[in-house]
Amino acid sequence: VIVNSAGAILTALHVVAGFEEVTVTFADGTETVAAVIGAETDIDIAVLQPEELPEIFAAATLGNPGAVRVGDEAYVVGAPLGLAGSISAGVVSGLNRTYTLPNSNLELERLIQVDAAVNAGASGGPLLNRNGEVVGIVVALINPTQADTFIGIGLAVRIDTAGGAAGLPLQ
């Protein structure tokens, strides 16, 4: 998710963990190397800075996660199972959830729970409200099995929390 006019990108930290640079592909097909310039391990958020930007790009419109209510429409955009540019729809199922990441002692708090499909590859993508505003960054799917498949519970870090990692003003 591009979050400012300088092209900074927010994503889930576990997606880029262990890398100093990653390759990013923009919607128009432009590929470039991006440096990991920030990491907030306590919220599983990373900030990337691309070396180059597409000729035309726009930062996402950030919404107010404090206005999100249970039952609101929710949309997850990502590349689940490698299918780039996918969107899934659902509703906000819960607010202020706490979740401990698997194989970790990291406990994430104040999460937005959605029933929109979140599969492997959707992490790091935006959670959108019905107006297309980013209200969260997807970081997890809850699955009681060992499979990386959707069971019905996805979780996102609120954009006001995630945006703080990029130095954005908190809402």
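For the structure itself, look to the data block above.
Residues numbered from 1 in each chain as written. Predicted model: local features only at pLDDT ≥ 70, side-chain atom pairs only at ≥ 80, totals over all residues. Heavy atoms only, no water.

A description of the overall build of the protein chain should follow, citing residues and the corresponding values.
Along its length, the protein chain carries two helices and 10 strands. Counting from the amino terminus, the protein chain carries its helices and strands in the arrangement β-α-β-β-β-β-β-β-β-β-β-α. Here the C-alpha radius of gyration of the protein chain, 15 Å, is about what a compact globule of 171 residues would show, namely 16 Å. Residues classed as buried in the protein chain amount to 44% of the 171 residues present. Considering only contacts within the protein chain whose residues lie at least 6 apart along the sequence, 55% involve residues at least 24 apart. With 5 positive and 18 negative side-chain charges, the protein chain shows a separation of 18 Å between the mean positions of the two kinds. (Helix = DSSP H or I, 4+ residues; strand = E, 2+ residues; numbered from the N terminus. Rg over C-alpha atoms; globule rule 2.2 N^0.38 Å. Buried < 20%, exposed > 50% of the residue type's maximum accessible area, 1.4 Å probe, protein only. Contact = heavy atoms within 4.5 Å. Lys, Arg positive; Asp, Glu negative; His and termini not counted. Charge placed at Lys NZ, Arg CZ, Asp CG, Glu CD.)

Provide a residue-level description of the side chain of Thr 11, including the pertinent values.
Within the secondary structure layout, Thr 11 lies in strand E1 (residues 9–12). If we ignore the near neighbours within four places in the chain, the residues touching Thr 11 are Val 16, Asp 44, Ile 45, Ala 46, Leu 48, Ser 123, Gly 124 and Ile 137.

Now, about the side chain of Thr 32: what can you tell me, with residues and values included?
Here Thr 32 is to be found in strand E3 (residues 31–40). By relative accessible area, which is 7% here, Thr 32 ends up buried. A distance of 3.3 Å separates a polar atom in the side chain of Thr 32 from the backbone nitrogen of Glu 52. Thr 32 has contacts with Val 22, Thr 23, Val 24, Phe 26, Pro 50, Glu 51 and Glu 52, leaving out every residue within four places of it along the chain. (Polar contact = N/O pair within 3.5 Å; in protein donor to acceptor, adjacent residues only side chain to side chain.)

Talk me through the sheet that holds strand E6 (residues 86–100); I want residue IDs and the actual numbers.
Across a sheet, strands are paired by hydrogen bonds formed along the backbone, either parallel or antiparallel in direction. Around the barrel, six strands lie side by side as E5-E6-E7-E10-E9-E8; this closed barrel has antiparallel pairing. On average, each strand axis in the sheet is tilted by 50 degrees relative to the strand beside it, whichever way the strands run. (Pairing = 2+ DSSP bridges. Axes fitted to C-alpha atoms, helices over the stretch in contact; angles between N-to-C directions.)

How would you sum up the environment of Val 118? Please name residues and give values.
With respect to the helices and strands, Val 118 occurs in the loop between strand E7 (107–114) and strand E8 (126–128). C-alpha separation for the pair Val 118 and Val 138, spaced 20 residues apart in sequence, amounts to 8.1 Å.

I'd like a rundown of the sheet that holds strand E2 (residues 21–25), residues and numbers included.
Taken in spatial order, the four strands line up as E1-E4-E3-E2 in an open sheet, and their pairing is antiparallel. Strands at the two margins of the open sheet, each flanked by one partner only, are E1 and E2. On average, each strand axis in the sheet is inclined to that of its neighbour by 45 degrees, with strand direction left out of account.

Lay out the pattern of salt bridges with the relevant residues and their values.
Scanning all chains against the criterion turns up two salt bridges. Among the ionic pairs, Arg 130 bridges to Glu 73, the shortest N-O distance being 3.7 Å. Here Arg 130, found in the loop between E8 and strand E9 (134–142), pairs with Glu 73, found in strand E5 (residues 73–78); they are 57 residues apart in sequence, far enough to count as distant. Assessed through its relative accessible area of 60%, Arg 130 is described here as exposed. Residue Arg 158 pairs with Asp 160 through a salt bridge whose shortest N-O separation is 2.7 Å. Asp 160 matches Arg 158 in its accessibility class, with the two residues each being buried. (Salt bridge = Lys/Arg side-chain N within 4 Å of Asp/Glu carboxyl O.)

Scope: geometric values only; no functional claims are made or implied.
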